[in-house]
Amino acid sequence: MNSLDWKALVTLPLKKVAVLPYAQVEDLPKFSVIGVIIALALAFNYGLQVIIYHQQNLSLKEQQLPPKYPTLIPWLGSALPFLLDNANFLRTASSYAGELASSRITVAGKELYLFQDRDTVRRLWKAQSLSSPIPFYVHVLKHFFGMHNRALTTYRADNSGASPTPNNNSNVLEKNRLDYLTHEGFKRAFTGPALAPTARRYMKDLARRCEDLNVSDDWTDMPDLVQFFRTVHGAALLQAVFGPSLLKINPDFMDDAWKFDDSIPWLARLVPSFVNPEPYRTRERLRNQLKRWYKYARENFSDDCIYEDGDGDPYWGSELIRYQQKKYLQADNFDDDALASADLALVWGTVGNAIPTTMLSVYHVFKDPALLKRVREGLEADFGQTTLLDIDPAELIKSTLLSSIQAEVLRLYVNVCVMVSSPHADVSLGRWWMPKGGTALVSSGMTHMDNNYWNTRDGLYPVRSFWADRFVTYSHDQSSGPVQLAVRDKRQSEPRGKDGKPSFSVQGLEASWMPYGGGNAICPGRFLAKRVTLFTIALMTREFDIEIRPHTLEMGSWKFGMGVEKPKKPIAFRIRRRK
Ligand code: HEM
């Protein structure tokens, strides 16, 4: 096209445009003119999208695609705010007229459904056709945990689903059904017969580590509660799943695991190693330590080392790890290198959220002397002089007050974005639907802070504050319980404590309280997490006095919806053994 043609096509119509009344369009360089045209086209397109967005939100028709969230730049869509200001962006894109809502966003050419309104989320968790978003798993295994491409091709090819019976049309070999094999292992380990022995191993090891602490009945100053829990409680939990050998032959493993946890936001943002090499170095160190451990465990393990509990052993640590060694290494393209990435993911899943939420539960108990007194008196009433290790975790988790404290900490601090997809069928969600192949994201952080939902005792305990009793229901007090009276689900029966005692329940809150995600892919470690937190509160309050030094707790905001944020500043405290 020559320059004359350009003028004919581009500049002449622009002369009539009112926004440039005084501009001599011919005088402008060609690129400016093209720029103006593009800007106007984008602005027009944006305006149109805004109108349609409002129309769709106000429409009462059922079974619609969720409204498309307006964006200025077509392919890029909301990529920049999504990556750079994730929490705020999600909050804006999934609310409408002050209420949680659902929408559709575009991020670098990929369409994502954001489901946040309670009715839709409730239906979403029940949808049977939803399955693991394999492309998302592949992304995470590659970019967070460094799995090599050969093993990822086996993952990508797995269209057989997570159920024991493979999906119709799938001809993936049994040994390559990674989705199913992975979930089956987790289910057995954390929700089946291995739950009790794993919880017991945590209790025993934590008690031993606390016994060994260099703390007397005189006060000892400590610089940071986070660091204290990471070192002592983190190691106990890791050891409950992975056994003592991993830490014995790799004394820096725990430290590196927490450095890795701090690095996750960099990896999530795909910041390359030449910009920030440290996350990649830490990850490599951890993967190498895992491979060294495999070698050691293979040389030393035999079946007769398995503990009496039928699950643990001193080398591999648990049936889950022995199972993964067998199953993963049979799959095509898997080797120790790939396995080390899968195990790193499990290390992170095991301690990454359970330890910070346990620390925060203990923190809130010790910070409030009246609450500490109630916790100690409650434990005394329930277990009297029973020694700590004789406490049955299945009984401990029935404690209403302790359960409420943990649930409230999870509500207040856990911010996770859960991904689900439906590769084989459309999903009907009442007002909205998600077409086959769609991927959806649900964020816990937003529903956890919904001012219109949680009971605040008329503003006395705002949603952004910790209230130990938020999840406690007193049968004689209509205004108690986690949910505001006006929005309670009338079909849901109120939890009732025995003999008029207060009670705890999260039944009916699935679409609002979701620290563990929901539906088929809900966190398999949630039962273990509750045992870990409640036992730790029991141990710390029985054995120690802790005084938190005056400070203001401020959490970071960098973790990108991947769990609990780290406090911005160290939490100094002093500790002594109780006489
Ligand atoms: C307070 C503590 C915890 C929180 C808030 C938490 C949260 C979550 C969330 C949100 C997911 C993703 C669910 C989804 O994609 O729908 C998840 C997955 C997972 N969690 Fe947890 N978790 C916790 C503790 C644990 C513990 C203690 C373990 C293991 C001992 C564990 C093991 C896992 C595993 C293996 C997965 C992956 C499951 C899968 O791929 O299907 N979690 N967790």
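Quick notes on the rules
Residues numbered from 1 in each chain as written. Predicted model: local features only at pLDDT ≥ 70, side-chain atom pairs only at ≥ 80, totals over all residues. Heavy atoms only, no water. Helix = DSSP H or I, 4+ residues; strand = E, 2+ residues; numbered from the N terminus. Expected span 1.5 Å × (residues − 1). Contact = heavy atoms within 4.5 Å. Near = heavy atom within 4 Å. Nonpolar A, V, L, I, M, F, W, Y, C, P; charged D, E, K, R; others polar. 1 Å grid on protein atoms, 1.4 Å probe; cavity = no way out; pocket = protein on both sides within 12 Å on 5 of 7 lines; lining within 4 Å. Points joined across faces, edges and corners; volume = space filled by probe spheres on them. Domains from an automatic or database assignment. Buried area = accessible area lost by both parts, 1.4 Å probe. Salt bridge = Lys/Arg side-chain N within 4 Å of Asp/Glu carboxyl O. Polar contact = N/O pair within 3.5 Å; in protein donor to acceptor, adjacent residues only side chain to side chain. Donors = N, O, S within 2.8 Å, 3.2 Å for Na, K, Ca; no water. Buried < 20%, exposed > 50% of the residue type's maximum accessible area, 1.4 Å probe, protein only. Phe/Tyr/Trp six-rings, centres within 6.5 Å; stacked < 30°, edge-to-face > 60°. Lys NZ or Arg CZ within 6 Å of the ring centre and 35° of its normal. Pairing = 2+ DSSP bridges. Axes fitted to C-alpha atoms, helices over the stretch in contact; angles between N-to-C directions.

(A) Spotlight on helix α9 (residues 195-211). Compared with an ideal rise of 1.5 Å per residue, which puts 17 residues at 24 Å, α9 spans 24 Å between its outermost C-alpha atoms and is within 8% of the ideal. Packing partners of the buried residues in α9 comprise α8 (178-190), α10 (225-242), α18 (393-396), α21 (526-543), β12 (544-548) and β14 (573-577).

(B) Here's a closer look at the site of the ligand. Close to the ligand lie 23 residues; H183, G349, V418, A521 and C523 are nearest. Considering only residue class, the shell around the ligand consists of 16 nonpolar, seven polar and no charged.

(C) Structural detail: the layout of surface pockets. Taken as a whole, the second largest pocket encloses approximately 930 Å³ of empty space. Lining the second largest pocket we find 33 residues, and of these R91, N415, G445, M449 and R464 sit closest to its centre. Going through the elements one at a time, α4 (86-93), β2 (99-100), α19 (400-413), β6 (414-421) and α20 (444-448) are the ones with two or more residues in the lining of the second largest pocket. Of the residues belonging to the lining of the second largest pocket, the class tally is 13 nonpolar, twelve polar and eight charged. Split by domain, the lining of the second largest pocket shows at least three residues from each of two domains, domain 1 (3-105) and domain 2 (137-164 + 173-213 + 222-577).

(D) How the structure looks around the domain arrangement of the chain. Under the domain assignment, the chain is made up of domain 1 (3-105) and domain 2 (137-164 + 173-213 + 222-577). For domain 1 versus domain 2, the distance between C-alpha centres works out to 41 Å. Counting from both sides, the interface comprises 21 residues of domain 1 and, opposite them, 17 residues of domain 2. For the domain 1 and domain 2 pair, buried surface summed over both sides reaches about 1,600 Å², with 58% attributable to carbon and sulfur atoms. Contact with domain 2 buries surface across domain 1, with Q63, L83 and L100 losing the most and accounting together for 32% of the total. Taken together, domain 1 and domain 2 are joined by zero salt bridges. One can count nine residue pairs in polar contact (both at pLDDT 80 or more) joining domain 1 with domain 2. Only α2 (30-58), α3 (79-84), α4 and β2 provide two or more residues apiece to the side of domain 1 that touches domain 2. Residue classes in the side of domain 1 that touches domain 2 are distributed as eight nonpolar, nine polar and four charged.

(E) Structural view of the coordination of the iron atom of the ligand. For the iron atom of the ligand, the protein contributes exactly one donor atom, C523 (SG), at 2.3 Å. Here C523 shows up in the loop between β11 (503-504) and α21.

(F) The arrangement of the pattern of salt bridges in detail. Applying the stated criterion to the full structure yields 38 salt bridges. Between D313 and R322 there is a salt bridge, and its shortest N-O distance comes to 2.7 Å. Considered together, D313 and R322 belong to a single accessibility category, that of buried residues. E395 is the salt-bridge partner of K398, the closest N and O atoms lying 2.9 Å from each other. Residues participating in the shared-partner salt-bridge network are R230, D261, D262, K559 and K566.

(G) Representation of the packing of aromatic side chains. Inspection of every chain in the model, using the stated rule, returns 25 aromatic pairs. Taken together, a centroid distance of 5.8 Å and an interplanar angle of 80° make the contact between F228 and F229 edge-to-face. Ring geometry for F228 and F573: centres 5.5 Å apart, planes at 55°, overall tilted. Highlighted residues: F228 in helix α10 and F573 in strand β14, separated in sequence by 345 residues. What makes F573 buried here is its relative accessible area of 0%. Through a chain of ring-to-ring contacts, three or more aromatic side chains come together here, namely Y453, W454, F471, F504, W513 and Y516. One residue, R411, lies across the ring of W454, its end atom 5.9 Å from the ring centre.

(H) Structural view of the sheet that holds strand β4 (residues 110-114). The five strands are arranged β3-β4-β9-β6-β13 in an open sheet whose pairing can be described as mixed. Of all the strands in the sheet, the pair left with one neighbour each is β3 (103-107) and β13 (562-564). Each strand axis lies, on average, 30° off the axis of its neighbour in the sheet, ignoring direction. Across five bridges, β6 lies against strand β9 (residues 439-443) in antiparallel orientation. Looking at the pairing, C417 lines up with S443 of β9. Most of the contacts of α4 go to β3, to which it runs at about 140°, and overall it touches β3, β4, β6 and β9.

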